[in-house]
Structure formats: structure tokens, C-alpha cells
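A structural walkthrough
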Amino acid sequence: MADSAQAQKLVYLVTGGCGFLGEHVVRMLLQQEPRLRELRIFDLHLGPWLEELKTGPVQVTAIQGDVTQAHEVAAAVAGAHVVIHTAGLVDVFGRASPETIHEVNVQGTQNVIEACVQAGTQFLVYTSSMEVVGPNIKGHPFYRGNEDTPYEAIHRHPYPCSKALAERLVLEANGRKVRGGLPLVTCALRPTGIYGEGHQIMRDFYHQGLRLGGRLFRAVPASVEHGRVYVGNVAWMHVLVARELEQRAALMGGQVYFCYDKSPYKSYEDFNMEFLGPCGLRLVGTRPLLPYWLLVFLAALNALLQWLLRPLLLYAPLLNPYTLAVANTTFTVSTNKAQRHFGYEPLFSWEDSRTRTIRWVQAMEGSVQ
Ligand SMILES: NC(=O)C1=CN([C@@H]2O[C@H](COP(=O)(O)OP(=O)(O)OC[C@H]3O[C@@H](n4cnc5c(N)ncnc54)[C@H](O)[C@@H]3O)[C@@H](O)[C@H]2O)C=CC1
Ligand SMILES: C[C@H](CCCC(C)(C)O)[C@H]1CC[C@H]2[C@@H]3[C@H](O)CC4=CC(=O)CC[C@]4(C)[C@H]3CC[C@]12C
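Nothing here was measured: the structure is a model prediction, and the numbers come from that model. (Residues numbered from 1 in each chain as written. Chains lettered and ligands numbered in written order. Predicted model: local features only at pLDDT ≥ 70, side-chain atom pairs only at ≥ 80, totals over all residues. Heavy atoms only, no water.)

1. Brief notes about the overall build of the chain
In terms of regular secondary structure, the chain is built from 13 helices and 13 strands. Its C-alpha atoms give the chain a radius of gyration of 21 Å, near enough to 21 Å, the size a compact globule of 369 residues would have. By its C-alpha atoms, the chain is 60 × 45 × 40 Å across when sized along the principal axes. The 369 residues of the chain split such that 51% are buried. (Helix = DSSP H or I, 4+ residues; strand = E, 2+ residues; numbered from the N terminus. Rg over C-alpha atoms; globule rule 2.2 N^0.38 Å. Buried < 20%, exposed > 50% of the residue type's maximum accessible area, 1.4 Å probe, protein only.)

2. A closer look at the site of ligand 1
Of all residues adjacent to ligand 1, which total 25 residues, the nearest are Leu21, Asp43, Asp66, Tyr159 and Lys163. Within the backbone of phenylalanine 20, one N or O atom sits 2.9 Å away from an oxygen atom of ligand 1. Between leucine 21 and ligand 1, the recorded distance is 2.9 Å, taken from a backbone N or O atom to an oxygen atom. In the complex, 85% of the free accessible area of ligand 1, which totals 830 Å², lies under the protein chains. Elements represented by at least two residues in the shell around ligand 1 include exactly helix H1 (20-32), helix H5 (158-173) and strand S8 (193-195). (Near = heavy atom within 4 Å. Polar contact = N/O pair within 3.5 Å; in protein donor to acceptor, adjacent residues only side chain to side chain. Areas by Shrake-Rupley, 256 points an atom, 1.4 Å probe, with all protein chains shown as cover.)

3. Details of the site of ligand 2
In the vicinity of ligand 2 there are 18 residues, among which Ser129, Glu131, Tyr159, Gly193 and Ile201 approach most closely. For ligand 2, an oxygen atom lies 2.7 Å from a polar atom in the side chain of serine 129. The contact in question runs from an oxygen atom of ligand 2 to an N or O atom on the side chain of tyrosine 159, over 2.7 Å. Burial of ligand 2 by the protein amounts to 90% of the accessible area it has alone, namely 630 Å². Contributing elements (two or more residues each) for the shell around ligand 2: helix H6 (200-211) and helix H11 (321-327). The leading source of residues in the shell around ligand 2 is H11, at four residues.

4. A short note on the packing of aromatic side chains
Taken as a whole and assessed by the stated rule, the structure comprises 15 aromatic pairs. With a centroid separation of 5.3 Å and an interplanar angle of 85°, the aromatic rings of tyrosine 260 and tyrosine 344 are classed as edge-to-face. Remark: tyrosine 344 occurs in the loop between helix H12 (337-342) and helix H13 (350-365) and tyrosine 260 occurs in the loop between strand S11 (255-259) and helix H9 (268-276); sequence separation between them is 84 residues. Chaining the aromatic ring pairs together yields one cluster made of Tyr195, Tyr230, Phe271, Phe275, Phe348 and Trp350. (Phe/Tyr/Trp six-rings, centres within 6.5 Å; stacked < 30°, edge-to-face > 60°.)

5. So, the UniProt feature "domain: 3-beta hydroxysteroid dehydrogenase/isomerase" (unreviewed entry) in the chain
When the UniProt feature table is mapped to this numbering, "domain: 3-beta hydroxysteroid dehydrogenase/isomerase" (unreviewed entry) covers residues 13-283. Along residues 13-283 one finds 38% helix and 20% strand; the C-alpha atoms at either end are 41 Å apart. (UniProt positions renumbered as here; feature names shortened; annotations may be inferred.)

6. Brief notes about the sheet that holds strand S5 (residues 123-127)
Reading across the sheet, the seven strands line up as S3-S2-S1-S4-S5-S7-S11 and stay open at both edges, with parallel pairing between neighbours. Only two strands of the sheet have a single neighbouring strand rather than two, namely strand S3 (59-64) and S11. Taken pair by pair, the neighbouring strands of this sheet meet at an average axis angle of 20°, ignoring direction. Sheet topology places strand S2 (residues 36-43) next to S3; six bridges connect them, and they run parallel. If you follow aspartate 43 over to S3, its bridge partner there is glutamine 64. Packing of H1 onto the sheet brings it into contact with strand S1 (10-15), S2, S3, strand S4 (82-85) and S5, and relative to S2 it is tilted by some 170°. The strands touched by helix H3 (residues 70-77) within the sheet are S1, S2, S3 and S4, with S2 carrying the most contacts at an inclination of about 165°. (Pairing = 2+ DSSP bridges. Axes fitted to C-alpha atoms, helices over the stretch in contact; angles between N-to-C directions. Contact = heavy atoms within 4.5 Å.)

7. Some words on the nonpolar core
Core analysis: the largest hydrophobic core is formed by 63 residues, its most contacted members being Tyr12, Leu29, Leu39, Ile84, Leu276, Phe342 and Val361. For this core, the element with the highest residue contribution is helix H7 (residues 231-244), accounting for nine residues. Sequence-distant contacts of leucine 29, that is, excluding residues within four places in its chain, are made with Tyr12, Val14, Leu36, Leu39, Ile84 and Val239. By size, the runner-up hydrophobic cluster in this structure holds 25 residues, among which are Val11, Val73, Tyr126 and Val178. (Core = buried A, V, L, I, M, F, W, Y, C linked by side-chain atoms within 4.5 Å.)

8. So, the confidence of the model for the chain
The predicted model of the chain has a mean per-residue pLDDT of 95, with 96% of residues at 70 or higher. Of the two predicted TM-score estimates for the complex, the pTM is 0.96 and the ipTM is 0.98. (pLDDT = per-residue confidence, 0-100.)

9. Description of a nonpolar patch on the surface
On the surface, Trp293, Phe297, Leu301, Leu304, Leu305, Trp307 and Leu308 cluster together into a nonpolar patch covering about 780 Å² of accessible area. Relative to the helices and strands, phenylalanine 297 is located in helix H10 (residues 292-309). (Patch = residues over 30% accessible without salt bridge, like charges linked within 9 Å, V, L, I, M, F, W, Y side chains within 5 Å. Salt bridge = Lys/Arg side-chain N within 4 Å of Asp/Glu carboxyl O.)

10. Observations concerning helix H4 (residues 98-119)
Over its 22 residues, H4 runs 30 Å from end to end, which matches the ideal 32 Å to within 8%, given 1.5 Å per residue. At glutamine 107, H4 shows its largest kink, close to 25°. Looking at the buried positions of H4, the neighbouring elements they touch are H3, S4, S5 and H5. Positive phi shows up at glycine 120, right after H4, with a value of about 80°. (Expected span 1.5 Å × (residues − 1). Bend = angle between axes of the 7 residues up to and from the residue.)

11. Considering unusual backbone geometry
Cis geometry is found at the peptide bond from glycine 134 to proline 135, where omega equals 5°. Summarising the element assignment, proline 135 is placed in the loop between S5 and strand S6 (142-145).

12. Observations concerning the pattern of salt bridges
All told, the structure shown has 14 salt bridges when counted by the stated rule. Residue glutamate 225 is joined to arginine 144 by a salt bridge in which the shortest nitrogen-to-oxygen separation is 2.6 Å. Here glutamate 225 is found in the loop between strand S9 (215-217) and strand S10 (228-230), whereas its partner arginine 144 is found in strand S6, with 81 residues between them in sequence. Using a relative accessible area of 27% as the deciding quantity, one classes arginine 144 as partly exposed. A salt bridge links arginine 190 to glutamate 167, with the nearest nitrogen and oxygen atoms 2.7 Å apart. Residue arginine 190 is located in strand S7 (residues 185-191), and its partner glutamate 167 is located in helix H5; the two are separated by 23 residues in the primary sequence. When sorted by exposure, arginine 190 lands in the same class as glutamate 167, which is buried. What emerges from the salt-bridge pattern is a single network uniting Glu23, Arg27 and Glu52.

The structure is reproduced here in C-alpha cells:
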């Protein structure tokens, strides 16, 4: 794939290319992959920003489609050299049913794999998640762990269950013969909590803080550490993996990689304050304002209300037993596997990542709904 005769010859498909991560992957590919001839962006909802990309040297093809529809996926994959599958239903708040989450995340991924096999597409990069590992339902900490750290991964929530199943499908598909007889080469990337421009939960916290007079109230002890990674670095890692898969198929095929960078380990809330603080918000309390037992009670109450109200309306607050457990469990990654296997170094320093995210939050001020 790398020789110069193939300059500007490659066709890439990015599923979920209009999502938070997907948009960064799309823009990163256009900046960092000189061999691109055509970039296909497949998503349930296409963004208007795609129009501006269509004037460049690379053919940008927007495809409105649904990963649960095998024929739509097959049509999008036909003729592609590489597929980056980021599309997924990211729902830990109970907005979608467990069946829908399974259908999109698991069946959708199976459809992508089958489409690659049928079309003769040899390289598949899958966006998995740290949630495939944990935190588990027992709340065991994962402290500075790497891809080989033993951890009891037990899930009940539909989102991590679906990501774990989908990741397994992708890894098991490595080596399958695609049309033409060559082996499929697959790889799964596991971001920790992604942040950066376009991050919906950061947006929600910002607006909540504004509504509360510039304050947010601490709910999680500062001692609980969370792994976070800048969206630009996650996108860069996808681009690099896609680029290196052919040359290093024997090493990288069937492997998982955590997505990491130099972002500091902090609690979820303290980390968010790195951006929201310079935008005028304050985190009140050095300890959680409410005792943990009360949060557990409120989370359970929210779950009950969600269930009771479901026939009438969708009640999906941030606090539920699952998000409380995740937010209260240390999960941090310390690894250099991506660096060893394909030379990954973060493209954005922590200072750059922080500045970019702050600028994005500040730009929102003018457009507060
Ligand atoms: N946001 C985070 O912190 C993390 C996200 N991930 C994974 O990264 C991937 C991208 O997540 P985000 O960008 O945060 O979410 P997102 O919701 O912003 O993006 C997902 C995209 O997939 C599209 N999509 C959903 N259902 C679809 C369907 N049936 N057919 C076609 N497209 C569909 C959506 O329209 C959206 O554009 C997901 O696979 C998620 O599991 C992994 C770790 C952390
Ligand atoms: C919503 C949580 C923060 C609010 C907690 C409360 C209500 C007590 O104040 C978020 C805390 C941790 C987040 C998750 C984490 O970053 C890992 C994730 C990985 C993914 O693949 C998807 C998203 C998420 C599950 C993320 C979701 C929000 C949190 C639970």
C-alpha cells in the first residue's frame, strides 16, 4: 500500500464519520494521509460541514446510511481499501433500548465485517472502548493498567456488553479470507474517556454550570482517577493504525490498543475543570457535597423514574447507577504498546489539547442555546 505508484490511490471508508470522534478522524485523514483518492463518510445523520470538504483534492463522498442495514453497508464498503468503523450507539443513560444498542453496536459491526469479506476489503480498524475492560460491576480499580493487565471484566450494562461483543467479533475476524483470497487484517482501538472539540458531555456540563450561576458541585471524590484522551490523538492513532496495518499485519492483526496520550490522571470532574475553569466555572467543594449513600439512592431513584415514565416520556439524567459507578471507580491506563507496535506518539501535547478544548468551550459562549 505504501509504494509511490499507489499515491492518491486509496479509498477509505469511515463509518460514524459525522460523530464526535468520526469528524476528527475524517479531518485527520484529509490532513495526514497523502495516498487518499476517495474518502467515504457513512453516517445515519450527515453533517452540513461535509460540504466544505468537497472542494479539496480528495473526493469526499457522503453516504447517509445505517450500519444495521447490511445492504447499505455492503454498498458503502464496495471498492474501499480500508474501513475505519467508529459508528456506534454511545448510550449509558438509558436513552435507547438494550436491543437497539446491541443491534447498532454488535449487528452493525458484524455487517461491516461481512461487507469487508464480500468486497475484498482487507483492512478494518474498529473503535472499541476502555469499557470493554471496565470498570466492572464490582467497582474494582484499574490503576495504570495496560493491554495485558489482568482484570475481571464483568459487564451488565448494554453499552459495555455490546462493545465487548463487537470487539470480539472484530478480533476473531482477523485472518478470514476476503474476496480474492487475501486475509482480513483487523485491529481494535480502546479509547479511555475522550475529550476535546465537539464533546457533548463537556457541553452539557458547561451549560449546567452556567445555569447554576457559574458553579458545579463536586459529586465524585478527587482521589478517583480517570483516564482521558484528547480526540485529536485518538483520531491520529486511527489514521496511523490504518496506514501501518498492511506493512505490520503479522504484528498488529488481531491486536487491541488502548488510546492514550499525556493528558493528566485526575477525577472526571477535576479534569473537566481544566477547561471549564478558564471559561469561568468553579467546582464547589473539596469533597463531594452529597454523601455517597445519598447519590446511590438518587441514582436508583432516577433509574426507577426512568422505568416508570418510559411509556410517557424519556427521562435520562446523567446520574444513574451505572454512571455513578463508572465515575467513582479509578480507571487509568499506562502503556506504550501503540508506540512499540506502530510508532505512535501523540500528535497533540497536553498543552495543545487543553488550549484547543478551552478555545472550543469559549467559542460556545457566543452560541449558548
Ligand atoms: N465518547 C467517548 O468517550 C468514547 C467513545 N468510544 C467509541 O467511539 C465511537 C464514536 O463515539 P463518539 O464519537 O463519542 O459518539 P457519537 O455519538 O458522537 O458518534 C457516533 C456516530 O455514529 C453514528 N451512528 C449511530 N448509529 C448509527 C447507525 N445505525 N448507522 C450509522 N451511523 C450510526 C452517529 O450518527 C454518530 O455520528 C463509538 O464507537 C464509541 O463506542 C470509545 C471510547 C470512549
Ligand atoms: C456522566 C459521567 C459523569 C457524571 C457523574 C455524576 C452524575 C456522578 O456526576 C461520566 C463519568 C465517566 C464517563 C464515561 C467514561 O469516560 C468512559 C466512557 C467510555 C465510552 O466508551 C463511552 C462513554 C463513557 C461510558 C463515559 C460516559 C460518561 C461518564 C459515565
